[in-house]
Amino acid sequence: MNASQDTIYAQASEHISDFQFDNRVAGVFSDMIRRSVPGYTQIINTIGDFADRFVKPDTQVYDLGCSLGAATLSIRRQIQGRDCRIIAVDNSESMVTRCQENLNAYVSDTEVELICGDIRDIHIENASLVVLNFTLQFLPPEDREALIAKIYHGLNPGGLLVLSEKIRFDDAPIQSVLEELHLDFKRANGYSELEISQKRSALENVMKPDTLTLHQQRLTRQGFSHFSLWFQCFNFSSMVAIK
Ligand SMILES: C[S@@+](CC[C@H](N)C(=O)[O-])C[C@H]1O[C@@H](n2cnc3c(N)ncnc32)[C@H](O)[C@@H]1O
Ligand SMILES: O=C(O)C(=O)C[C@]1(C(=O)O)C=C[C@@H](O)C=C1
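Cut-offs used in this document
- Every chain is numbered independently, its residues counted from 1 as its sequence is written.
- The naming scheme follows written order: chains are lettered A onward, ligands numbered 1 onward.
- pLDDT decides what is reported in this predicted model: residues at 70 or higher carry local features, side-chain atom pairs at 80 or more are listed and counted, and totals for whole chains, interfaces and linings draw on all residues regardless.
- Each side-chain value is worked out from all heavy atoms of the structure, with water and hydrogens disregarded.
- UniProt positions are given in the numbering used here, feature names are shortened, and annotations may be inferred rather than shown by experiment.
- Numbering of helices and strands runs from the N terminus; a helix is a DSSP stretch of H or I covering at least four residues, while a strand is a stretch of E covering at least two.
- We define proximity as follows: a residue is near a molecule or strand when any one of its heavy atoms falls within 4 Å of that partner.
- Pairs of N or O atoms within 3.5 Å make up the polar contacts considered here, provided that, within protein, one atom can donate a hydrogen while the other can accept it, and that residues adjacent in sequence are counted only when both atoms are side-chain atoms.
- Each accessible area value is a Shrake-Rupley result obtained with a 1.4 Å probe; residue values ignore everything except the protein chains displayed when judging cover.
- In this analysis a 1.4 Å probe is tested at points of a 1 Å grid over the protein atoms alone, and where it fits but cannot get out there is a cavity; an open set with protein on both sides within 12 Å along at least five of seven lines is a pocket; lining residues have an atom within 4 Å of a point.
- In this description, a molecule resides in a pocket or cavity if more than half of its atoms sit within 2 Å of the grid points defining it.
- Each residue gets one of three labels, nonpolar for Ala, Val, Leu, Ile, Met, Phe, Trp, Tyr, Cys and Pro, charged for Asp, Glu, Lys and Arg, and polar for the others, Gly among them.

Asker: Help me understand the UniProt feature "domain: Methyltransferase" (unreviewed entry) in the protein, please; the structure alone is not making it clear to me.
Answerer: In this numbering, the UniProt entry assigns the feature "domain: Methyltransferase" (unreviewed entry) to residues 61–159. For the annotated span residues 61–159, helix accounts for 32% and strand for 28% of the residues, and the straight-line distance between the end C-alpha atoms is 10 Å.

Asker: What's the story with the site of ligand 2 in this structure? I'm lost.
Answerer: In the neighbourhood of ligand 2, 15 residues make up the surrounding shell, with Phe-29, Gln-137, Lys-166, Lys-186 and Lys-199 lying closest. Side-chain polar atom of Gln-137 to an oxygen atom of ligand 2: 3.0 Å apart, as the coordinates give it. For ligand 2, whose free accessible area comes to 360 Å², the fraction covered by protein is 97%. One can see that ligand 2 is located within the largest pocket. Secondary-structure elements contributing two or more residues to the shell around ligand 2 are helix H1 (23–36), helix H6 (172–188) and helix H7 (193–204). Element by element, the count of residues in the shell around ligand 2 is highest for H1, at three residues. A per-class count over the shell around ligand 2 returns nine nonpolar, three polar and three charged.

Asker: Hey, could you run me through the site of ligand 1 in this one?
Answerer: Around ligand 1 there are 20 residues in total, and Tyr-40, Gly-65, Ser-67, Asp-90 and Asn-133 lie nearest to it. Contact distances for ligand 1 include 2.8 Å between an oxygen atom and a side-chain N or O atom of Asn-133. A total of 600 Å² of accessible area belongs to ligand 1 in isolation, and the protein chains cover 96% of it. According to the grid-proximity analysis, the pocket containing ligand 1 is the largest pocket. Classifying every residue of the shell around ligand 1 gives 10 nonpolar, seven polar and three charged.

What follows is the structure, encoded as structure tokens:
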């Protein structure tokens, strides 16, 4: 996968525009997400392990907000020979173009339908696994409940939703210390103070994290019977919910 280094926010800019998954971001995304999200590689690998356990023959898998296809590739490696189809969706053309190249680089008997479109417009059916890996946080908060409802209805009984998100905390000292530790993680990965603060401004209007409680309440409200946090490092988390 593309390993170009992320230097997008390295130069001081007078006007920081809202963060977008445009061509520049897509070109460095692999490096950006690994250096920004603690546990990203483990989460990607574990999504494959969840797939091995939950994906049933002749069902569909949805990777919503697939970016460069990291989760799709991890799942596809684990579900060979099950006659399943993976539907990978992203509304960034630059991501989808690169994702297709990444998918073409490996041989598999599992069909992947790659769609350039909005996940709010996608019909979900006969699903044994749905993945939202750091995507829900980019939807307007008022659109999140409807997406979770649609996923619930499209999952087969026993089907799994993996939901990874940056989270916020109502408890101010906890919010403050975990946010600081995340910033230390970024510093340790070579991001400067300028890069960190300019990216923070860019994300401010477009990425609105929920609390863990809010996620759990939304999932149970929509009908999921089982819920757990399975990964947390600082203010980054991954949850599972079973229908
Ligand atoms: C943080 S990235 C996801 C990372 C990816 N899931 C992974 O595991 O590497 C968020 C992605 O969601 C996509 N996205 C955001 N809102 C979307 C929407 N409404 N419909 C489709 N894709 C969306 C963005 O283009 C971006 O590629
Ligand atoms: O919160 C931050 O500082 C981040 O950089 C997080 C985050 C994410 O969670 O998706 C934001 C944008 C990029 O997609 C990579 C990482």
